[in-house]
Amino acid sequence: MRKVLPTYIAVIPLLINIPFFIFPIIYTFILITNPIEALNLALKTPSAIKYPNINDIVKFYEYLNSTLIVIGKFDSGIILNSIILGLTVSLSATLTALTYASICYIFKIPKPLIYIPLLALTPIPFIQALSFEKIFNPNFGILNYILQGIFHGSLKITIRGLAGVFIYQFTALYPVALVIFYGYINSMPKELVESSFNLGGKALSTMLKIIFPFSKPAIAASLTMLFTLSIDDVVGPIIFQGEPSARNLLSYKIYTYLVEEVTGRISPQSVGYALILLIIALFVFALGYRHIPIIYKSFGLMLMAPHSHYNEKPGLKIKLILAAYTFLNISVIIPSIIGILYAFSDRWVAAPLPQLGFASFMKTLESETRMKAIFNTLIYTSIALALSIATSVIGGYYTSRMKNLTSISIDILMSIPIAIPGIIVAYGYFHTFSKINILPSPLKAPWIYLIIAYSIRRNPYLYKSVQAMVTAIPEDIEEAAESLGAKTTVKIRRIIVPTVINSLKYMILITWIQMATEVSTSIIIGGLSGAQGCYHQAPVTYIIYTDVTLSGLAYANISSCMILITLSIIIAIFTLTFNIKTLRI
């Protein structure tokens, strides 16, 4: 018989999410503005929705005795741009990843080909997007350097605006979709594929009639997650803002308005744009809510279970498809490789190849501003991670053991942050806590809100994993503990926590890294109290943001060093912590 858990177990997660997640959003969009008026004002803006000129997508120009092909001047207005971009990125990345994961499952393929695209998951905020400048610049881009050798300088290609944002987002999100499908398809009973082949089914029919239908929940989960990540992205629009179409995105407009609103003036138009983005995000979340746990299950399976496949030998057609995918996968990881190379280059601005060296590391270590940012990030994310683990364990335990209205409410509250764009969270924090003196203002103590935002925004990754893990723990173990007089807190501390920590340690590391490389709230809140000297409160991501926006490629090498040093320290601390724990055991 299921026992009733103490009420305080349910209250703890609510004490974090309601005052620091739900309330700021309600306060910003309902209490301090007229939401209807703000929506009308945003929708009536001439650039909100407009008819795009399809002929402008690809343009040909004469440029320095060569033909320059410019891709990317598509512009349908702020709202439609965001929706179209989110749909095209999520659909293309999902379908591409689903097909490749299915091929990897059916056929015997070398493991390097399976895992190569996952290298693109290496998080180097802004530098990966800036790498496209290094690839497509008409004067010193790597692509045009290659084309010069082939066409002797008569042809150049560059990508700008919305097309640039699309390519950046695709390369960033396609590997995320791959992880979802790798994990999910590998959980599929192998007998389904074997039965299809035994009945004479071919690879294509097996994929279309067995794997694809079986993967419908994963498809829905992938589309939901990727669409939300796409409309939340501010990195792509900031990097490609030279073309007006990249600036006509909801995330970019909210970002620019919020930067202006630091002076204290609230723009109803910005509130309208933020409200539109929030409505879109909530609508997508509602559509995919019941499939979201698949995301976390897939991440867990990818980390803990070896890749399995049906040992079918690929034929000529499949080999050709694999060749195309190999080219795509290598292309996807090039921005990450360039981002890492920047850290090991003394200078790499207008040349196609870097000048290798370790001067960037020395400059980073000698800069008190940058070292303080690394220290800040480590402290903020460590506290946020501890808070996230505590709330995830308590919330996951309650919702897995109790089935009532309270547990449903907690489950929604703990899951929904993944659907709310970070820029909306930052927007709510700034306007709410600048006016309500419950805590120090974000202008004076941004570190408080960074810690809370990191914890709440990344909490769903841990929470759903913990929930699944607790569900797998037999309740007989807890009943035995209860018969020996153990209370709920003892059961959580002695049974749930050790099991969760040991089983989900790599998910904890991923969550920690995601916190350290979070962009939206970091660039908006992180620098509100300044970002110079050895006493500032800004995180690494904000310093990288200022480097990129003010100096472009000039400081890309130092920025890359900062993030690699930060991630190396995190991985070292994580490894040392679990090794010590293992030795003690």
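Only a predicted model underlies this, so the values are computations on that prediction, with no experimental measurement involved.

**Student:** Where do I start with the packing of helix α17 (residues 359-366) against helix α18 (residues 368-401) in this structure?
**Tutor:** A packed helix pair is summarised by two numbers, namely the angle formed by the two axes and the spacing between the axes. Contact pair α17 / α18: the axes reach a minimum separation of 5 Å and the direction vectors enclose 80°. In this view, α17 runs roughly perpendicular relative to α18, as classed from their interaxial angle. Between α17, through Thr 364, Leu 365 and Glu 366, and α18, the contact on the second element is made entirely by Glu 368, Arg 370, Met 371 and Ile 374. Residues of the contact of α17 with α18, tallied by class, amount to three nonpolar, one polar and three charged.

**Student:** Mind showing me how you'd approach a nonpolar patch on the surface here?
**Tutor:** On the surface, Ile 337, Ile 340, Leu 341, Phe 344, Leu 356 and Phe 358 cluster together to form a nonpolar patch covering roughly 540 Å² of accessible area. Sort the elements by how many residues they give to the nonpolar patch and helix α16 (residues 316-343) lands first, with three residues. In this structure, Phe 358 sits in the loop between β5 (355-356) and α17.

**Student:** Explanation requested: helix α9 (residues 203-214) in the structure shown.
**Tutor:** Quick reminder: α-helices carry 3.6 residues per turn. Residues three or four places apart thus point the same way. With 12 residues, α9 extends 15 Å between its outermost C-alpha atoms, agreeing within 8% with the 16 Å of an ideal straight helix rising 1.5 Å per residue. Those residues of α9 that fall on the buried side of the exposure criterion are Ala 203, Thr 206, Met 207 and Ile 211. Projected onto a plane normal to the axis of α9, the buried residues spread over an arc of 95° and lie on a single side. Those residues of α9 that are buried lie in contact with α3 (78-106), α7 (161-186) and α8 (190-198).

**Student:** Please explain empty space enclosed by the protein as it appears in this structure.
**Tutor:** To locate leftover empty space, one rolls a probe as large as a water molecule over the atoms. This model, assessed by the stated rule, comprises four cavities of 30 Å³ or more. Estimated volume of the second largest cavity: approximately 80 Å³. Every residue lining the second largest cavity is listed: Thr 228, Leu 229, Asp 232, Pro 417, Ile 418, Ile 420, Arg 457, Arg 458 and Tyr 461. For the lining of the second largest cavity, the secondary structure elements donating two or more residues are α10 (216-232) and α21 (446-472).

**Student:** I tried to follow α17 on my own but got confused; where do I start?
**Tutor:** Among the residues making up α17, those that are buried are Ser 360, Phe 361 and Thr 364. Down the axis of α17, the buried set is contained in an arc of 100°. They therefore lie on one face.

**Student:** What should I look at first to understand the nonpolar core in this one?
**Tutor:** In this structure, Phe 29, Phe 126, Tyr 174, Phe 181, Ile 424, Tyr 429 and Ile 523 are the most contacted members of the largest nonpolar core, which totals 183 residues. By residue number, the principal contributor to this core is α7, which donates 16 residues. Excluding residues within four positions of it along the chain, Tyr 174 makes contact with Ala 93, Thr 96, Ala 97, Tyr 100, Pro 117, Gln 169, Tyr 325, Leu 328, Asn 329 and Val 332.

**Student:** Looking at this structure, how should I read the pattern of salt bridges?
**Tutor:** Once the charged atoms of two side chains with opposite charge are near each other, the side chains can pair. Within this structure, the stated rule accounts for five salt bridges. Here Asp 547 ties to Arg 370 by a salt bridge, and the two come within 2.6 Å at their closest N and O atoms. With a gap of 177 residues between them, Asp 547 in helix α26 (residues 540-551) and Arg 370 in helix α18 connect regions that are remote in the sequence. Residues Asp 547 and Arg 370 agree in their burial class; the two are buried. We note a salt bridge from Asp 411 to Lys 464, for which the minimum N-O separation is 2.9 Å. Placement of the pair is Asp 411 in helix α19 (residues 405-415) and Lys 464 in helix α21, with a sequence separation of 53 residues. With respect to burial, Asp 411 and Lys 464 carry one shared label: buried.

**Student:** Can you walk me through the layout of surface pockets in this structure?
**Tutor:** Counted as a void, the largest pocket has a volume near 1400 Å³. Forming the boundary of the largest pocket are 47 residues, of which Leu 121, Pro 123, Ala 172, Val 176 and Gln 514 lie nearest the centre. Contributing elements (two or more residues each) for the lining of the largest pocket: α5 (127-136), α7, α10, α15 (292-304), α16, α21, α24 (505-516) and α27 (556-584). The element contributing the most residues to the lining of the largest pocket is α7, with seven residues. When grouped by side-chain class, the residues that make up the lining of the largest pocket number 32 nonpolar, 10 polar and five charged. If you add up the space inside the second largest pocket, you get close to 480 Å³. Looking at the lining of the second largest pocket, the elements with two or more residues in it are α5, α6 (142-151), α7 and α16. It is α16 that provides the largest number of residues to the lining of the second largest pocket, a total of seven residues. Among the residues forming the lining of the second largest pocket, the class breakdown is 15 nonpolar, two polar and no charged.

The rules behind these values
Residues numbered from 1 in each chain as written. Predicted model: local features only at pLDDT ≥ 70, side-chain atom pairs only at ≥ 80, totals over all residues. Heavy atoms only, no water. Axes fitted to C-alpha atoms, helices over the stretch in contact; angles between N-to-C directions. Helix = DSSP H or I, 4+ residues; strand = E, 2+ residues; numbered from the N terminus. Parallel < 35°, antiparallel > 145°, perpendicular 65-115°, else oblique. Contact = heavy atoms within 4.5 Å. Nonpolar A, V, L, I, M, F, W, Y, C, P; charged D, E, K, R; others polar. Patch = residues over 30% accessible without salt bridge, like charges linked within 9 Å, V, L, I, M, F, W, Y side chains within 5 Å. Areas by Shrake-Rupley, 256 points an atom, 1.4 Å probe, with all protein chains shown as cover. Salt bridge = Lys/Arg side-chain N within 4 Å of Asp/Glu carboxyl O. Expected span 1.5 Å × (residues − 1). Buried < 20%, exposed > 50% of the residue type's maximum accessible area, 1.4 Å probe, protein only. Arc of directions from axis to C-beta. 1 Å grid on protein atoms, 1.4 Å probe; cavity = no way out; pocket = protein on both sides within 12 Å on 5 of 7 lines; lining within 4 Å. Points joined across faces, edges and corners; volume = space filled by probe spheres on them. Core = buried A, V, L, I, M, F, W, Y, C linked by side-chain atoms within 4.5 Å.

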